[in-house]
Structures are given as C-alpha cells and as structure tokens.
Amino acid sequence: MADFTISGIKNNDLRNPARGDENSEVEQHAYGFRTLIDEYRTLWTAGWNARYAKYYLPVPPKVTWALEAEDIVEREYRRLHFPAHCSDVNGWLVVNAYNWGVMSAMRDYQSDILRALAMNYTVVHQGVYNLCPSNPQQFLDCFWEDLNACQSEFPSLLSVPRINQPQEITTSAVFHEQFPHWLWNLLVDKGAIHLQHGLTGATLTEEDIVDEDQYLQLKLSVLRAILSKRIFKPRKHIQRKTLAMLKSWRSNGSYANTSEKGVVIHIRRTDKMSDLGAHWHYIDFESTAHLGRLVQTMENMINSTFQHFFVMSDDPIMQKRGTKELASFFQANPSNLVSTELCDLLGANRLEYDGHESLAAAHRHQLYDIVVAEMYAAIEVSQYIIGSGSCAVSQFMALNIGARHRVEPGLVALWEEDLIIKECRLLLHQRMSLHKPCNASSYLERSSSKPLFQTFLDGQWNDKTCLQFLPPLPNCFGDAG
C-alpha cells in the first residue's frame, strides 16, 4: 500500500526528521521543525477523553519512531486484513456501520483495529452506511481505499470464529487488556521506537516509565498516527478535491511549497457546543480571540513565525471570522489559505444548516467529502495544528501531521480545550504547593517563565468551578471537594 502523495513526494520522505540536540529543551530538526514542549500536555490523540484523564502525571515522555515501525505496523495489518485466503483468518471482529459523523466513525474504527490486532483478528463491518448513498455497503471505504479484502466473503465463512462488537465497546477508550502489546513490543525490540525525557531530551528506556496509563495513551497515539498515515488512504475523488485546493492556493500565491512553515486552526462549533459541558460558558465562542493566545504561544514555543495559516470550521461564519480575527495574532504577516467548499455547498443547495447532523444523507455525504479533502490539504501544508482536542477531525489532522514528522502527535498540537484544563491544573497545583503532604514544589515558580503559562485564562476561575468537572482530587487534598 503506497503512501498517499499530493505533491509528488511520498509522505515518508517529506520533512524527514533529523536527530536534534538531545539535551535541548526544544528539539530542532535540520529543516527547522521543532516539537512543542509542554510539561503537562494532554493526550487527546490517544482516543481517551483527556479532559477527565489523570492530572498528576510525570512529564510525558517524548516518543518518536523510525520508518521501520511504520513498515512493521502496515505489514501486520495487511497480514490480517489482506490474507491470501479469507478462510484462513483467525477470526472476525464484526463492527456495526454506525451512521454518525465520518471522522467519529473512523476514530472508533481505529479503536477496533487496535483491539483486533491484540487478538490477531480481522475487522469487518455489517449493516449499511446511509451516508455513502452510492454504495451504503461501503462504510468508511466510501472515503478511503478498501480497509480489508474479506468484506464480501466473511458472511459466508461461518466456520471462522467471530465476535460481534457491542456499540459500548466500540465507542469506549482502548484499555490495557485491549491493546496489541505484542505489536508494540516488536517495535521496541526492533529499535524502531525512541523514548526521550519530555523536557531534557535524555534517552529513556521503558523501565524508566512510571505511569502505565500515561504510557498507554502515548502508545495509542503513536499507533493511531501510523494507522492514519499508512492504512487510511483517501480515494481518488478525495485526492482530486485536495489537489484542486492546493492548486488554487498556489495559483493565487498564498502557498508556495512544503518548505514553508504553516499551521491549521480548526474551529469546531455547531452541534459540538451542546456536549462540551458547562465550563465552556467561560469562553466567548462567537469570537476566536482566545485562539489567538494559542497562536502566540505556538510561535513562542517554536521560536519562529508562520508563513501561512488555514482556518477550517464546520461553521462557515466562524471560518470567515477566524481567518480575519486571528491574522493579527501572528508575529509576521502570513498568507491565509481559504476554502469556500462548505459555503458553496450550502449556498448552491440553499440548505438550512446547523451542523452536519442537520443535513439529509446525500448532502451529509457531500459535506464529508469536503471535510476529508480539506483535512488532507491542511495536512499537506501544515507542520502544526491548533484544534479541538475532543473532535475527531482535529485529532486525525494531528495524527497525520505527527506521523509526517514521526513524533507523537501531541508534540505538534495545541488544543482549544486546554485553555480551560490548564487553568484548572494551575489552580490545583497552587493548592498542592501550599499543602505539605503533597510534597510539591511551587508550580508558580517553576512555570511562570514557560510560554504555556501565558495562555491561561485569568480571573474567572476558582476551585469550585474546576471541581465541577475535574476527577476526584488526590487524598492529600483532604476535604478539598
């Protein structure tokens, strides 16, 4: 399965990272790429809900990998999903073709791929996907190349063991007992996984990792990134749309080539606002100014400026507003890349629109074609992402951008949700520094000079507010709730 290529260069040849100074706080690659060093980065790309994950962790290790790791993962995936004879597979993991948003479905499908790899099973699907009107049997194959060779045969191969995956498993996080540890151990044994201290860059071994949950999330992020890059290959009609966007940006002079430094800013709104929780009320979502803080933070962290930026959104009004409002937050004067595909779709069909779920199946399919094509255009022109950590669209772009550099995707992303999460973390660490049983040094003293410290919301939060959505505090807080 060849790497999907847009610019005529294979993804695994684009911006190939050279080893940087292992002792520097921010690694700088030969072509100018720097990872984002965040002592308390949240690991949204693991597929867990990072908003409610454990908060008192050591600094997450920095995970990178060699090209061999991608080759091994693809080889093992193809062994199970493209066998010489479908009757020879070990078993089927049968998932349902859930008719929800294409990227949410893809994220859940990736989770089931990892569960199937853990059992040496093959993922197939049952049911119809109404959001692929031309062929409802295709499911995600409507947007990506075939994900297995046995889809049409498996119903008749009754002698092969099968597990019908319940919805509650598909949509849940992948936990330790469901993870393909054999595959990860193979990558480690081959020397294809590299571990470094998250701040100093010093080489680590797996024995140095003290938090198993944190390490699992890092491993999940890495394997999802490799799957996204090497297994999920967009179909030709998606590629044509992506190429048309890139051509238009080149022709109007807003984008030259992949050596430019770019960032995609993904603004998720519409129906997403109903499920993000009461704490979101402290941000004015009619504005994008709060994202400007992350723009400034990111440029400070990479000690550089961007040549271009691309604002994506499921809300055409917010896309236009963000493109205008965010320009002033960049240090230089970057060109802005614009796609009018969504606006054109809605206008041409005079559609009443309140997010993707408000559209009929045929128009939702057209919308998803646009979203997937825009994602790949954004991936091609961006080295970093500012996005919505809980949104599968943002996650997929981060996974692919991270995979391009072969770094854990959290090292190329800042998340809108973290403006809230990090503020609460700050307040709780303040309490820890004042509470002797916690044996914690002053978080304020250690963090006041760090770029991310400057992104915290100011003056609107207190312990009670944070405790409404944070997990229970450690015992050292006593009756802090």
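Heads up: these notes are all about the structure in this document.

Conventions used here
- Residues numbered from 1 in each chain as written.
- Predicted model: local features only at pLDDT ≥ 70, side-chain atom pairs only at ≥ 80, totals over all residues.
- Heavy atoms only, no water.
- Buried < 20%, exposed > 50% of the residue type's maximum accessible area, 1.4 Å probe, protein only.
- Helix = DSSP H or I, 4+ residues; strand = E, 2+ residues; numbered from the N terminus.
- Arc of directions from axis to C-beta.
- Contact = heavy atoms within 4.5 Å.
- Axes fitted to C-alpha atoms, helices over the stretch in contact; angles between N-to-C directions.
- Parallel < 35°, antiparallel > 145°, perpendicular 65-115°, else oblique.
- Left-handed = near helix turned anticlockwise from the far one by under 90°.
- Core = buried A, V, L, I, M, F, W, Y, C linked by side-chain atoms within 4.5 Å.
- Disulfide = S-S within 2.5 Å.
- Salt bridge = Lys/Arg side-chain N within 4 Å of Asp/Glu carboxyl O.
- Phe/Tyr/Trp six-rings, centres within 6.5 Å; stacked < 30°, edge-to-face > 60°.
- Pairing = 2+ DSSP bridges.
- Polar contact = N/O pair within 3.5 Å; in protein donor to acceptor, adjacent residues only side chain to side chain.

1. Observations regarding helix α9 (residues 341–348)
So, point 1. Three or more residues of α9 are buried, namely L342, L345 and L346. Buried residues of α9, viewed axially, fall in a sector of 90°; they line one side.
So, point 2. Its buried side turned inward, α9 meets β7 (308–313), α8 (316–326) and α10 (361–381).
So, point 3. Once α9 ends, the next one or two residues include R350, with phi positive near 50°.

2. Quick look at the packing of helix α2 (residues 102–119) against helix α5 (residues 212–230)
So, point 1. Two elements in contact, α2 and α5, have axes whose closest approach is 11 Å; the angle formed by their N-to-C orientations is 110°. Regarding the angle of α2 to α5, the classification is roughly perpendicular. Contact with α2, carried on its side by R107, Q110, S111, I113 and L114, involves L220, L223, R224, L227 and S228 of α5 and no other residues of that element.

3. Let's talk about the packing of α2 against helix α11 (residues 392–405)
So, point 1. Their axes nearest at 8 Å, the elements α2 and α11 cross at an angle of 55°. It follows that α2 is oblique to α11 by the angle criterion. Seen along the crossing, α2 lies across α11 with a hand that is left-handed. Residues M103, S104, M106, R107 and Q110 of α2 lie in contact with α11, whose contacting residues are A392, V393, Q395, F396 and L399.

4. Structural notes on the nonpolar core
So, point 1. Core analysis: the biggest nonpolar cluster contains 118 residues, and M103, L140, W144 and I265 have the highest contact counts within it.
So, point 2. Take this core: its biggest share by element is 12 residues, from α10.
So, point 3. Those residues in contact with L140 that lie beyond four places of it in its chain are V102, A105, M106, Y109, L147 and F232.
So, point 4. Grouped together as the second largest cluster of nonpolar side chains are nine residues, V94, C150, L157 and V160 included.

5. Remarks on the state of the cysteines
So, point 1. Within the structure shown, the criterion is met by two disulfides.
So, point 2. Disulfide pairing is shown between C86 and C150; the S-S distance is 2.1 Å. The S-S bond linking C86 to C150 shows a torsion near -90°; that makes this disulfide left-handed. Of this pair, C86 sits in the loop between α1 (67–81) and β2 (92–96) while C150 sits in the loop between β3 (122–126) and β4 (162–164), placing them 64 residues apart in sequence.
So, point 3. Judged by its relative accessible area of 0%, C150 is buried.
So, point 4. C132 shares a disulfide with C142; S-S distance 2.1 Å.

6. Structural notes on the pattern of salt bridges
Side chains that differ in charge, positive against negative, can pair when their charged atoms come close.
So, point 1. Overall, the coordinates contain 14 salt bridges when judged by the stated rule.
So, point 2. For the salt bridge of E70 with R230, the shortest nitrogen-to-oxygen distance reads 3.0 Å. Of this pair, E70 sits in helix α1 while R230 sits in helix α5, and the two are 160 residues apart along the sequence. Here the two residues E70 and R230 agree in accessibility, since each one is buried.
So, point 3. Here R269 and E416 are joined by a salt bridge, their closest N and O atoms 2.9 Å apart. Remark: E416 occurs in the loop between β10 (413–415) and α12 (418–434) and R269 occurs in the loop between β6 (262–267) and α7 (289–302); sequence separation between them is 147 residues.
So, point 4. With relative accessibility at 3%, the residue R269 sits in the buried group.
So, point 5. Take E416: its relative accessible area is 2%, and that puts it in the buried class.
So, point 6. Ionic contacts of the salt-bridge type, sharing partners, join the residues E70, D71, E74, K229, R230 and R406 into one network.

7. Section: the packing of aromatic side chains
So, point 1. Going through the model one piece at a time under the given rule, you end up with 15 aromatic pairs.
So, point 2. Centre to centre, the rings of Y98 and W100 are 4.4 Å apart; their planes meet at 15°, and the pair counts as stacked.
So, point 3. For Y98, a relative accessible area of 12% translates into the label buried.
So, point 4. Seen in terms of ring centroids, W144 and F396 are 6.0 Å apart; in terms of plane orientation they differ by 65°. Their pairing is edge-to-face. One end of the pair, W144, is in the loop between β3 and β4; the other, F396, is in helix α11, and 252 residues separate them in sequence.
So, point 5. For W144, a relative accessible area of 0% puts it in the buried group.

8. Digging into the sheet that holds β2
So, point 1. Taken in spatial order, the three strands line up as β3-β2-β4 in an open sheet, and their pairing is parallel. Either end of the sheet is taken by a strand with one partner, and the two such strands are β3 and β4. Strand after strand, the sheet turns through a mean of 30° between neighbouring axes, direction not considered.
So, point 2. As defined by bridge partners, β2 adjoins β3 across five bridges and the pair is classed as parallel. Bridging across to β3, V95 finds its partner in H125.
So, point 3. Sitting on the sheet, α2 is in contact with β2, β3 and β4, with an inclination near 165° to β2.

9. Focus on the sheet that holds β6
So, point 1. Taken together, the five strands give an open sheet; going across it, the order is β8-β7-β6-β9-β10, and neighbouring strands pair in parallel fashion. A strand with exactly one partner marks an edge of an open sheet, and here the two such strands are β8 (335–337) and β10. Within the sheet, the average angular offset between the axes of one strand and its neighbour, ignoring direction, is 20°.
So, point 2. As paired elements, strand β9 (residues 384–387) and β10 share three bridges and run parallel to each other.

10. Things to note about the side chain of H308
So, point 1. Here H308 lies in strand β7.
So, point 2. In this structure the side chain of H308 is engaged in a polar contact, spanning 2.7 Å, whose partner is the backbone oxygen of V381.
So, point 3. For H308, the contacting residues outside a window of four places in its chain are S254, Y255, E260, K261, G262, V263, P334, S335, L337 and V381.

Distances and angles like these do not, on their own, reveal function.
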